[in-house]
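# Structural overview for review
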Amino acid sequence: MEHAEAQEKLNSFYAEEIRALRLSECFTAAEQEILSAPFLIQVTEQYFHAPVRILFVGQETRGWLEKLGQTLQREDAVTPLLERYSKQMKIPKWKSALLKKYRLLEQELGGGVRGSIVWSNLNKMD
């Protein structure tokens, strides 16, 4: 599987699950204003050509992008969440210890190629 196919499968899954979440009404309006939007990942072509494929896993989103309620109101909720991930990955220098370790692993195990490691979180929403 190549990166475009993998990302398309992820995007389809993300859209389906956000649609299901919207229809389920499992979160009250108050909860939707507290919970963050889901943390969605993008795989890169560099990841598929990396010498070792690594999934770097953090703990939580800590207020990732926007609140869940805003996301559920969007017709296309997936695109802005993926754009947020992409924008975050392009920041030249991070301040957090976790993301500094990510960059170190990218240098050491990913051959120094940006995007050679995928970052995700255990908790997709906070």
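See the structure shown above.
An account of the accompanying structure is given in this report. (Residues numbered from 1 in each chain as written. Predicted model: local features only at pLDDT ≥ 70, side-chain atom pairs only at ≥ 80, totals over all residues. Heavy atoms only, no water.)

Right, let's talk about the overall build of the chain for a bit. Helix and strand counts for the chain stand at 6 helices and 2 strands. When the helices and strands of the chain are listed from N to C terminus, the series reads α-α-α-β-α-α-α-β. If you line up the chain on its principal axes, its C-alpha atoms span 45 × 35 × 20 Å. In the chain, the proportion of contacts linking residues at least 24 apart, taken out of those at least 6 apart, comes to 78%. Of the charged side chains in the chain, 17 are positive and 17 negative; the average position of the first set lies 10 Å away from that of the second. (Helix = DSSP H or I, 4+ residues; strand = E, 2+ residues; numbered from the N terminus. Contact = heavy atoms within 4.5 Å. Lys, Arg positive; Asp, Glu negative; His and termini not counted. Charge placed at Lys NZ, Arg CZ, Asp CG, Glu CD.)

Compared with the 32 Å implied by 1.5 Å per residue over 22 residues, the 31 Å span of helix α1 (residues 3–24) between its first and last C-alpha is a close match. Among the residues of α1, Ala6, Gln7, Tyr14, Ile18 and Leu21 are the ones counted as buried. All buried residues of α1 lie within an arc of 95 degrees about the axis, which places them on one face of the element. Away from its buried face by more than 90 degrees, α1 exposes Ala4 and Leu23. (Expected span 1.5 Å × (residues − 1). Buried < 20%, exposed > 50% of the residue type's maximum accessible area, 1.4 Å probe, protein only. Arc of directions from axis to C-beta.)

Our focus in this paragraph is the environment of Thr79. In this structure, Thr79 sits in helix α5 (residues 78–90). Accessibility expressed as a relative area gives 33% for Thr79, which makes it partly exposed. Within the structure, Thr79 has its side chain in polar contact with the side chain of Asp76 (distance 2.5 Å). (Polar contact = N/O pair within 3.5 Å; in protein donor to acceptor, adjacent residues only side chain to side chain.)

Right, let's talk about the packing of aromatic side chains for a bit. Per the counting criterion, the structure on display carries 8 aromatic pairs. With centroids separated by 5.8 Å and ring planes inclined at 75 degrees, the aromatic side chains of Phe39 and Tyr85 adopt a geometry described as edge-to-face. Taken together, the positions of Phe39 in the loop between α2 (29–34) and α3 (45–48) and Tyr85 in helix α5 put the pair 46 residues apart, joining distant regions of the chain. Over the face of the ring belonging to Trp94 we find Arg103, whose NZ or CZ atom lies 4.0 Å from the ring centre. (Phe/Tyr/Trp six-rings, centres within 6.5 Å; stacked < 30°, edge-to-face > 60°. Lys NZ or Arg CZ within 6 Å of the ring centre and 35° of its normal.)

The buried fraction of strand β2 (residues 117–121) amounts to 5 of the 5 residues, a majority that puts the element mostly inside the structure. Examined bridge by bridge, strand β1 (residues 54–58) and β2 share 5 bridges and lie parallel to one another. Bridging from a neighbouring strand, Gly58 pairs with Asn121 of β2. (Pairing = 2+ DSSP bridges.)

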